[in-house]
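In case you want the letters, here they are:
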Amino acid sequence: MVVVAILAAGRGTRMKSSLPKVLHSLGGRSLVEKVLESVEPLSPSRRMVIVGYQAQEVKASIQSNSLEFVEQTVQLGTGHAIQQLLPHLEDYTGDLLVLNGDVPLLRTETLKQLWQTHQENQNAATILTAQLADPQGYGRVFCNDEHIVQQIVEHKDCTPAQRQNCRVNAGVYCFRWPDLAKVLPHLEANNSQKEYYLTDAVTQVGQVMAVDVADYQEILGINDRLQLATAYEILQRRIKEQWMLAGVTLIDPNSITIDDTVELQPDVIIEPQTHLRGNTKIQAGSRIGPGSLIDNSQLGENVTVLYSVVTDSIVQAGTRIGPYAHLRGHAEVGTNCRVGNFVELKNTRLGEKTNVAHLSYLGDTTAGSQVNIGAGTITANYDGVKKHRTQIGDRTKTGSNSVLVAPVTLGDDVYVAAGSTVTEDVPNDSLVIARSRQVIKPGWRRKV
Ligand code: UD1
Ligand code: CA
């Protein structure tokens, strides 16, 4: 049985941010969400998050029934943070897995191995370590030949000789809880930071073993924005490799970013300078980019998006978006449509085979199937106070430069003459001309 505790009470001074460190985002999820995600498959019996700095914000961002929050009202160090668990785990006799909330790239596999080694060797504690070429900033771990930990010294407390040791503490620990609980109350803050270090407890609990991680990148801790950017790069490489191996073509992968919340089907092609974010799903055969941003949107099969921005929207199979289109505010475009050059759709639904090819704004509009929206057609959806809807029936065609003043309904098979300003409803099968008649005055010429 294992209980998980995540340290997330610190402010993260080195981030120089008003946001608590663990809420900084890494490819669609916050640091602490990433950590939670990595422990999920271990099916912990309890998951406890230690919060302190801006506790309300941290809680609100990850709130879920199965999480327990433990407050550390003053942040006196990682050991002090774990001391807060004592009243909550009084009769607990199993293992405690402790993770720093700022170590977001851990693989579940690594945690499983750590826990397995812990159990097999009946250690009092087992800690994850790595050999880093640049161990700057990390606690150094000193072991004997059998990987038994002798000492952990924080970077700031190291002598110059100790700093030469490249084996670092990852901030991931497996403890036999009763052994840890015994030593926790006796921690002291005799160090350069005057903090209660969890690492001091580690060396007092009994036999402690170090497990070196295979891929050192997993243990990168985020203390400042440089490390955040490095972690982002590592995560991006992982995500892109995963999708390429799953059958997605990335053209010039370095210029593409993909949040780890995105789902892609095989034979999707992502062109350069394209960014896929949030809860985005793209089905087989679609070609996105170059130069596009898809955020929190669902795209069906064989959709193309060229130099366009699609947010919070749904696009059905076979539809072509762009170049230079903007879909937002829950736009829903049916199958085999075309939304083209300089068109903006906001909270608008289009049926199948409907075209809005040039220079239009459709806001709060519902259009049927096989509609043709002529170049420059605008729905005037806002009267200065409220937004209103425009309804357009099947097969209706609007002429160039028409304005549909909402609320207004055009029936099926309606024709709108170019340059019309439509303010009243138009029944099925009608032609509407809503503009002043052209006047010609022959022979009129300015008399100078
Ligand atoms: C810690 C380890 C160090 C290790 C490194 C790995 C200690 C003393 N040092 O150092 O050996 O190499 O992580 O990344 O543990 N936190 C609290 N309450 C506190 C202080 C911190 O919850 O009072 C949380 C922070 O929010 C953070 C985590 O603990 O998520 C680590 O704290 P941080 O100050 O970043 O420790 P490091 O100096 O990186
Ligand atoms: Ca840290």
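Keep in mind that what you see is a predicted model, and the values were worked out from it rather than measured.

A. Geometry of the domain arrangement of the protein. By domain assignment, the protein separates into domain 1 (2-224) and domain 2 (226-432). A separation of 45 Å is found between the C-alpha centroids of domain 1 and domain 2. Each partner contributes to the interface: domain 1 provides 19 residues, whereas domain 2 provides 13 residues. Together domain 1 and domain 2 conceal approximately 1,400 Å² of surface at their shared face, both sides included; 56% is due to carbon and sulfur atoms. If you sort the residues of domain 1 by the area they bury against domain 2, Gly-27, Leu-105 and Asp-224 come out on top, with a joint share of 35%. Between the two partners, domain 1 and domain 2, sit 2 salt bridges. Its salt-bridge partner being Asp-260, residue Lys-34 comes within 2.4 Å of it at the nearest N-O pair. For the pair domain 1 and domain 2, the number of links is 7 residue pairs in polar contact (both at pLDDT 80 or more). Where the side of domain 1 that touches domain 2 is concerned, the elements lending two or more residues are strand E2 (25-26) and helix H1 (31-39). Looking at the side of domain 1 that touches domain 2 element by element, the count peaks at 3 residues for H1.

B. The layout of surface pockets, seen in detail. In this model, the largest pocket occupies a volume close to 1,100 Å³. At the level of secondary structure, the elements contributing two or more residues to the lining of the largest pocket comprise strand E1 (2-8), helix H3 (78-83), strand E10 (167-176) and helix H7 (198-202). Of the residues that constitute the lining of the largest pocket, the class distribution is 12 nonpolar, 20 polar and 8 charged.

C. Just the coordination of the calcium ion (ligand 2), in detail. Distances from the calcium ion (ligand 2) to its protein donors, namely Asp-102 (OD) and Asn-223 (OD1), fall within the range 2.3 to 2.4 Å. Here Asp-102, found in the loop between strand E6 (95-100) and helix H4 (108-120), pairs with Asn-223, found in the loop between strand E11 (208-212) and helix H8 (225-245); they are 121 residues apart in sequence, far enough to count as distant. Like Asn-223, Asp-102 is buried.

D. Region of the structure containing the pattern of salt bridges. Following the criterion strictly, the structure yields 17 salt bridges and no others. Where Lys-182 meets Asp-179, a salt bridge forms, and the shortest distance between an N and an O atom there is 3.9 Å. One end of the pair, Lys-182, and the other, Asp-179, are both in helix H6 (residues 177-183), 3 residues apart, so they sit about a helical turn from each other. Note on Lys-182: relative accessible area 58%, which makes it exposed. What makes Asp-179 buried here is its relative accessible area of 15%. Because the salt bridges share partners, they merge into one network encompassing Arg-29, Lys-34, Glu-37 and Asp-260.

E. Broad picture of the site of ligand 1. In the vicinity of ligand 1 lie 24 residues, with Gln-72, Gly-77, Thr-78, Glu-154 and Asn-169 positioned nearest. One of the backbone N or O atoms of Gly-10 is found 2.9 Å from an oxygen atom in ligand 1. Gln-72 is positioned such that a nitrogen or oxygen atom in its side chain is 2.7 Å from a nitrogen atom of ligand 1. Calculation on ligand 1 without its partners gives an accessible area of 760 Å², and the protein chains cover 92% of this total. Here ligand 1 occupies the largest pocket. Residue assignment for the shell around ligand 1 shows that the elements contributing at least two residues are E1, H3 and E10. It is E10 that provides the largest number of residues to the shell around ligand 1, a total of 3 residues.

F. Highlighting helix H2 (residues 55-62). Taken together, the buried positions of H2 are Ala-55, Val-58, Lys-59 and Ile-62. Along the axis of H2, the buried residues cluster in a sector spanning 95 degrees; they form a single face. Residues Gln-56 and Ala-60 are exposed on H2 and point more than 90 degrees away from its buried face. Elements in contact with the buried residues of H2: H1, strand E4 (46-51) and strand E5 (67-71).

G. Structural context of the sheet that holds strand E30 (residues 355-358). A sheet is described by the order of its strands in space; here 11 strands give the open sequence E12-E15-E18-E21-E24-E27-E30-E33-E36-E39-E41, paired in parallel fashion. The open sheet has two edge strands, strand E12 (249-250) and strand E41 (431-432), and neither has a second partner. Here E30 runs beside strand E33 (residues 372-373); their pairing, made up of 2 bridges, is parallel. From the neighbouring strand, Asn-355 faces E33, where its bridge partner is Asn-372.

H. Spotlight on the packing of aromatic side chains. In total, this model carries 3 aromatic pairs according to the counting rule given. Across from the ring centre of Tyr-382, 5.3 Å away, lies the NZ or CZ of Lys-387, which sits over that ring.

I. Examining the environment of Gln-75 more closely. Mapped onto the secondary structure, Gln-75 falls in the loop between E5 and H3. Residue classification places Gln-75 among the partly exposed positions, given a relative accessible area of 32%. Apart from residues no more than four positions distant in its own chain, Gln-75 is found in contact with Ala-9, Gly-10, Gly-52 and Tyr-53. A polar side-chain atom of Gln-75 sits 2.7 Å from the main-chain carbonyl oxygen of Gln-72.

J. Up close: the nonpolar core. In this structure, Leu-97, Leu-99, Ile-219 and Leu-327 are the most contacted members of the largest nonpolar core, which totals 89 residues. The element that contributes the greatest number of residues to this core is H8, accounting for 6 residues. Counting the residues that make up this core, at least three belong to each of domain 1 (2-224) and domain 2 (226-432). If we ignore the near neighbours within four places in the chain, the residues touching Leu-99 are Val-4, Ala-5, Ile-6, Leu-7, Val-35, Val-39, Leu-106, Leu-111, Gly-171 and Val-172.

K. Layout of unusual backbone geometry. Backbone torsion omega between Gly-289 and Pro-290 reads 0 degrees, so that peptide bond is classified as cis. Looking at the secondary structure, you find Pro-290 in the loop between strand E18 (287-288) and strand E19 (293-295). Residue Pro-407 is reached from Ala-406 by a cis peptide bond, and omega for that bond is 0 degrees. Here Pro-407 shows up in the loop between strand E37 (403-405) and strand E38 (408-410).

Analysis parameters
- Residues numbered from 1 in each chain as written.
- Chains lettered and ligands numbered in written order.
- Predicted model: local features only at pLDDT ≥ 70, side-chain atom pairs only at ≥ 80, totals over all residues.
- Heavy atoms only, no water.
- Domains from an automatic or database assignment.
- Contact = heavy atoms within 4.5 Å.
- Buried area = accessible area lost by both parts, 1.4 Å probe.
- Salt bridge = Lys/Arg side-chain N within 4 Å of Asp/Glu carboxyl O.
- Polar contact = N/O pair within 3.5 Å; in protein donor to acceptor, adjacent residues only side chain to side chain.
- Helix = DSSP H or I, 4+ residues; strand = E, 2+ residues; numbered from the N terminus.
- 1 Å grid on protein atoms, 1.4 Å probe; cavity = no way out; pocket = protein on both sides within 12 Å on 5 of 7 lines; lining within 4 Å.
- Points joined across faces, edges and corners; volume = space filled by probe spheres on them.
- Nonpolar A, V, L, I, M, F, W, Y, C, P; charged D, E, K, R; others polar.
- Donors = N, O, S within 2.8 Å, 3.2 Å for Na, K, Ca; no water.
- Buried < 20%, exposed > 50% of the residue type's maximum accessible area, 1.4 Å probe, protein only.
- Near = heavy atom within 4 Å.
- Areas by Shrake-Rupley, 256 points an atom, 1.4 Å probe, with all protein chains shown as cover.
- Sits in = over half its atoms within 2 Å of the grid points.
- Arc of directions from axis to C-beta.
- Pairing = 2+ DSSP bridges.
- Phe/Tyr/Trp six-rings, centres within 6.5 Å; stacked < 30°, edge-to-face > 60°.
- Lys NZ or Arg CZ within 6 Å of the ring centre and 35° of its normal.
- Core = buried A, V, L, I, M, F, W, Y, C linked by side-chain atoms within 4.5 Å.

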